[in-house]
Amino acid sequence: MRLLFVLLCLPALVMAQEDRLIKGKITDGSESLQDVRVVIEGESNPVFTNSEGRYEVEAAPGDVLLYTYTGMKDIRILVEDVTRFLNLVMVPDYTELEEVTMTKRLKSQAELQQEYPGNERIFQTAFGFIEPDATAGRVRMLTGDQINPIGVCLLDFLRNRFANITVQGTCSKPDEGRVFLRAQSSIFRQVPAIFDVDGMIYTSAPGWLDINLIERMAIFYNRSMAVRYGSVAAGGVIVINTANVSYKAQDKIPGITTATTKKSLSAGQLAENAPTYLQELRAANSTEEAQAVYRQYARKYSASPYFYLDAYEHFYSERSDREFADRIIEDNNFRLAGNAVVLKALAYLYQDQGREVKARELYKEIFILRPEYSQSYLDMANAYRDAGQYAKAAALFGRYQYLLYEGFLIGSDDFWLIQQHDSDNLFQMEGEDLGTDMRQVTTDPYLEGATRLVFEWNNSEAEFELQFINPNGAAYDWKHTYADNSSRIEDEKISGYSTAEYVIDPSTPGPWQVNVTYLGNKSLTPSYLKVTTYTQFGTSKQQKRVDTHKLFLKGASQELLTINNPGVQ
């Protein structure tokens, strides 16, 4: 009943705007930075870091803190309900190749042609040479060394490299490929981008193109390109220049270069770096001895909720002493209550252990704490689905769409696509129980039969790098860091979500490995990463598995999981 009340009254709910003291330390990765300017965006009363790089500032949930320092990239962080400490590492500011919105003096075609071989920022098109730096509007550029051959075709590369575009089609049917640069609520109302490959124009994606041959790529989002290409370019243009060789479908470059990968720590090495109390718990010769160790350390770590999470996990999973494990949580519930970050970590552990009822109760509690977070609706909907309460799950998905449409929630293209995939899959798999006319259910054809990975993290400040290594040994990195992906993190905090998905095409069968490198969360506490793996997604053979990982060693790479992608069945 309490959750229903929150749903009905959400438009009247706002985040508490009480100021709180936020503390932190700022470095450049090795040395403290003095005189970093810290100010609430829109206000004019900054504070500055001292000689030790430390600062204190009063701010309320919803405020945006702006950190500036000469020669370093600005950092913007939205203050949340749990924000108390923000320890930052600032990185040098340099001109990135990826996005260009500036303009320059237009050069002649003769000048551009002369500069083309040595200037990777010039592209050859069907209408001559073009320099994106001198083109109005948003442009994204990549050079050959930035193009990792993670997939077997161009469609996979675009799908996994760019989060804010929509790609239709599969590597097994490349002629059906289409790319949409502007995300909307329905891909059927969009205009696909066209491709200009070495001066040849294609209205569908050239999925046959060997991405190993690509030397440079530019994505032009602006409609002004239609001046050159006509109305067919209303959806944008993707320009690709390849090596100066004739491409033939059978001429694959042998031996895809194996990307450099960090050596991942083994489970034993991670255990060696665990907190002292956890090492002693594991070294105990009996359950009774382990309980004594727990009581000894409970007095010392009474203020740390992560101590109780570690102890619970140890007794439940490693010693199968489930009664004592549950008693740890029950006796210390008052230490966890009200902290959405800690409660979500515990919910992840429950799901990993298959304790869906307990997880659902925690997600209800988190929903009440964070009714304005988009993630709350996805978590509750999936929790209801796991419990077989399909009607309630469908109602949550519908409620989210309604509140989004009415403007009570802040939308996000990235999050919308993830929750839409979950919603579509619910009706696709459980439509009969829901009384749904299956003829009205539409799904993304790219997901059909694919392996889908959904990543969720409990702390919105968590920074990490995911690495996907395909059966050929090629790797693709996704960086969830302020230095590399600040716009994505800002979007997450504004809309209130902490999730990402990665889809492995069925046409890439074999073993895939996924690694993670943890880079901290600005409060010197562990972060928890939940990975939900779906195989044969959207088919009668669909399987689901949940794994939860505690991330605590900064800078260390660890293996998350190995997946045997079954491929086309």
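Preceding block: the structure.
Predicted model only: the values in this text are computed from it and were never measured.

Basis of the calculations
Residues numbered from 1 in each chain as written. Predicted model: local features only at pLDDT ≥ 70, side-chain atom pairs only at ≥ 80, totals over all residues. Heavy atoms only, no water. Core = buried A, V, L, I, M, F, W, Y, C linked by side-chain atoms within 4.5 Å. Buried < 20%, exposed > 50% of the residue type's maximum accessible area, 1.4 Å probe, protein only. Helix = DSSP H or I, 4+ residues; strand = E, 2+ residues; numbered from the N terminus. Contact = heavy atoms within 4.5 Å. Axes fitted to C-alpha atoms, helices over the stretch in contact; angles between N-to-C directions. Parallel < 35°, antiparallel > 145°, perpendicular 65-115°, else oblique. Left-handed = near helix turned anticlockwise from the far one by under 90°. Patch = residues over 30% accessible without salt bridge, like charges linked within 9 Å, V, L, I, M, F, W, Y side chains within 5 Å. Areas by Shrake-Rupley, 256 points an atom, 1.4 Å probe, with all protein chains shown as cover. Salt bridge = Lys/Arg side-chain N within 4 Å of Asp/Glu carboxyl O. Lys, Arg positive; Asp, Glu negative; His and termini not counted. Charge placed at Lys NZ, Arg CZ, Asp CG, Glu CD. 1 Å grid on protein atoms, 1.4 Å probe; cavity = no way out; pocket = protein on both sides within 12 Å on 5 of 7 lines; lining within 4 Å. Points joined across faces, edges and corners; volume = space filled by probe spheres on them. Expected span 1.5 Å × (residues − 1). Pairing = 2+ DSSP bridges. Polar contact = N/O pair within 3.5 Å; in protein donor to acceptor, adjacent residues only side chain to side chain.

Caption draft 1: Expanded view of the nonpolar core. Ranked by internal contacts, the top residues of the largest apolar core, which has 57 residues, are Y294, Y312, F315, L346 and Y363. Sort the elements by how many residues they give to this core and helix α11 (residues 340-352) lands first, with ten residues. In this structure F315 touches L281, T287, A290, Q291, Y294, S320, D321, R322, F324, A325 and I328, once residues within four positions along its chain are discounted. L158, F162, L209 and I219 belong to the second-largest nonpolar core, a separate cluster that totals 25 residues.

Caption draft 2: Seen up close, the packing of helix α13 (residues 374-386) against helix α15 (residues 413-434). Their axes nearest at 11 Å, the elements α13 and α15 cross at an angle of 20°. The orientation of α13 with respect to α15, classified from their angle, is roughly parallel. The element α13 and its partner α15 pack so that their crossing is left-handed. In contact with S374, Q375, L378, N382 and R385 of α13, α15 contributes F415, I418, Q419, D422, N425, L426, M429 and E430.

Caption draft 3: Structural view of a negative patch on the surface. Together, E18, D19, E43 and E58 give the surface a local cluster of negative charge. One can find E18 in the loop between α1 (2-9) and β1 (20-27).

Caption draft 4: Here's a closer look at empty space enclosed by the protein. Counted under the stated rule, the structure contains five cavities of 30 Å³ or more. Its volume calculated, the largest cavity comes out at about 140 Å³. Along the walls of the largest cavity sit 14 residues, with N382, E456, K530, T532 and Y534 positioned nearest its centre. Sorting the residues of the lining of the largest cavity by element identifies α13, β18 (451-457), β23 (527-535) and β24 (543-551) as the ones contributing at least two each. The element that contributes the greatest number of residues to the lining of the largest cavity is α13, accounting for four residues. Quantified by volume, the second largest cavity comes out at close to 90 Å³. Along the wall of the second largest cavity there are 14 residues; nearest its centre are R370, Y373, S460, Y497 and S498.

Caption draft 5: Inspection of helix α16 (residues 482-495) at higher detail. In this model α16 runs just 17 Å from its N-terminal to its C-terminal C-alpha over 14 residues, more than 12% under the 20 Å that 1.5 Å per residue would give. Of the residues making up α16, those classed as buried are Y482, N485, R488, I489, E492, K493 and S495. Just downstream of α16 lies G496, where phi reads positive at about 80°.

Caption draft 6: Representation of the sheet that holds strand β25 (residues 557-565) in the model. Pairing in this open sheet of four strands is antiparallel, and the strands run β20-β19-β22-β25 from one edge to the other. Every interior strand has two partners, whereas the edge strands, β20 (475-480) and β25, have only one. Across the sheet, the mean angle from the axis of one strand to that of its neighbour is 20°, orientation sign disregarded. Pairing of strand β19 (residues 464-469) with strand β22 (residues 510-518) involves six bridges; the strand directions are antiparallel. Bridge pairing in β22 places F468 opposite V514.

Caption draft 7: Examining the pairing of β20 more closely. Relative to β20, β19 is paired through six bridges, and the arrangement is antiparallel. The residue of β20 that forms the bridge with F464 is H480. Between the end of β19 and the start of β20, which pair antiparallel, lie five residues, with G473 showing a positive phi angle near 90°.

Caption draft 8: Representation of the environment of Y497. Relative to the helices and strands, Y497 resides in the loop between α16 and β21 (499-504). Sequence spacing of Y497 and E456 is 41 residues, and the spatial spacing of their C-alpha atoms is 8.8 Å. Excluding anything up to four places from it in sequence, Y497 contacts Q375, S412, D414, F415, R488, D491 and E492. A polar contact of 3.2 Å, which involves the side chain of Y497, links it to the side chain of S412. In this structure the side chain of Y497 is engaged in a polar contact, spanning 2.6 Å, whose partner is the side chain of D491.

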